[in-house]
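Chain residues, written in single-letter form:
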Amino acid sequence: MTGKITALDLAAGELSEPTKAYFAKCEEKLGLVPNVLKAYAFDDKKLCAFTDMYNDLMLGESGLSKLEREMIAVAVSSINHCYYCLTAHGAAVRQLSGDPLLGEMMVMNFRAADLSPKQTAMLEFAVKLTEEPARIVEADRAALRQAGFSDRDIWDIASTAAFFNMSNRVAAAIDMRPNDEYHAMAR
């Protein structure tokens, strides 16, 4: 698959002006257009739906910090063995935390990292939601409240975990490959 973004042969579609501007903004801020966006570029409507949800969950208003949201992305992606998301969001954890070791521990096993009890509760919930969603009960939500999360925060934790479960499954199905640049970021 050398040089390919996915295992599928989908030609890029016609991108809207707002999408072209979004790609230019990515290039300016990140120095690249993430391959996940290029993978969705065959259908501007699907790409916009993906980016709208991603931007709301990861960059929008929330009681969760950007680092905490990236930590959820990595913990979920670690359970799902999502190469794309572990590479891209592992780099984000390294960058946002300023700690390359934390990024590596999060990718391999978040339980090896020196996390706060609040962060641990958040990630244990995200992992349980990933592995056993039918087993989430009130006690799980109560544990998050006990750790200091509001009900709105619980919604955001669940929504972020659910988004990355969906994204991981699409990435696995199409063998999505991360941008090479992510491997060297924040090291």
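Small disclaimer: the values here were computed from a predicted structure and weren't measured.

Colleague: Can you help me understand the overall build of the chain in this one?
Modeller: Each helix and strand in the chain was counted, giving nine helices and zero strands. Reading the helices (α) and strands (β) of the chain from amino to carboxyl end gives α-α-α-α-α-α-α-α-α. Here the C-alpha atoms of the chain give a radius of gyration of 17 Å, agreeing with the 16 Å that 2.2 N^0.38 yields for 187 residues. Principal axes of the C-alpha set define a box for the chain whose edges measure 50 × 35 × 30 Å. Evaluated residue by residue, the chain yields a buried proportion of 45% over its 187 residues. The long-range fraction of contacts in the chain, counting pairs at least 24 apart against all pairs at least 6 apart in sequence, stands at 65%. For the chain, the computed accessible surface area is about 9900 Å², with 55% contributed by carbon and sulfur atoms. Placing the 20 positive and 26 negative side-chain charges of the chain at their respective mean positions leaves the two points 2 Å apart.

Colleague: Sorry if this is basic, but what is going on with the nonpolar core here?
Modeller: Nonpolar side chains tend toward joint burial in soluble globular proteins. Within the largest apolar cluster, 54 residues are counted, with the highest numbers of intra-cluster contacts made by Ile72, Tyr84, Met106 and Leu123. Those residues in contact with Met106, other than ones at most four positions away along the chain, are Met71, Val74, Ser78, Val93, Leu115 and Leu123.

Colleague: Where do I start with a nonpolar patch on the surface in this structure?
Modeller: Nonpolar side chains collect at one region of the surface, where Leu8, Leu10 and Phe42 lie side by side and expose about 250 Å² of accessible area between them. Examined against the element boundaries, Leu8 turns out to sit in the segment before helix H1 (17–30). Given the relative accessible area of 39%, Leu8 is considered partly exposed.

Colleague: Quick question: what am I supposed to make of the pattern of salt bridges here?
Modeller: Following the criterion strictly, the structure yields 12 salt bridges and no others. For Glu104, the salt bridge is made with Arg187, and the minimal N-O distance between the two is 2.7 Å. Of the two residues, Glu104 is situated in helix H6 (residues 100–108) and Arg187 in the segment after helix H9 (151–174); the sequence distance between them amounts to 83 residues. Residue Glu104 is classed as partly exposed on the basis of its relative accessible area, which comes to 32%. Between Arg145 and Glu138 there is a salt bridge, with its nearest N and O atoms 2.6 Å apart. The exposure class assigned to Glu138 is partly exposed, which follows from its relative accessible area of 41%. Here the salt bridges do not stand alone but share partners, grouping Glu138, Arg141, Arg145 and Asp151 into one network.

Colleague: What exactly am I supposed to notice about the environment of Asn55 here?
Modeller: Mapped onto the elements, Asn55 comes out in helix H3 (residues 44–59). Between the C-alpha atoms of Asn55 and Tyr40, which are 15 residues apart in sequence, the distance is 15 Å. Separated by 3.2 Å, the side chains of Asn55 and Tyr22 make a polar contact.

About the cut-offs
Residues numbered from 1 in each chain as written. Predicted model: local features only at pLDDT ≥ 70, side-chain atom pairs only at ≥ 80, totals over all residues. Heavy atoms only, no water. Helix = DSSP H or I, 4+ residues; strand = E, 2+ residues; numbered from the N terminus. Rg over C-alpha atoms; globule rule 2.2 N^0.38 Å. Buried < 20%, exposed > 50% of the residue type's maximum accessible area, 1.4 Å probe, protein only. Contact = heavy atoms within 4.5 Å. Areas by Shrake-Rupley, 256 points an atom, 1.4 Å probe, with all protein chains shown as cover. Lys, Arg positive; Asp, Glu negative; His and termini not counted. Charge placed at Lys NZ, Arg CZ, Asp CG, Glu CD. Core = buried A, V, L, I, M, F, W, Y, C linked by side-chain atoms within 4.5 Å. Patch = residues over 30% accessible without salt bridge, like charges linked within 9 Å, V, L, I, M, F, W, Y side chains within 5 Å. Salt bridge = Lys/Arg side-chain N within 4 Å of Asp/Glu carboxyl O. Polar contact = N/O pair within 3.5 Å; in protein donor to acceptor, adjacent residues only side chain to side chain.

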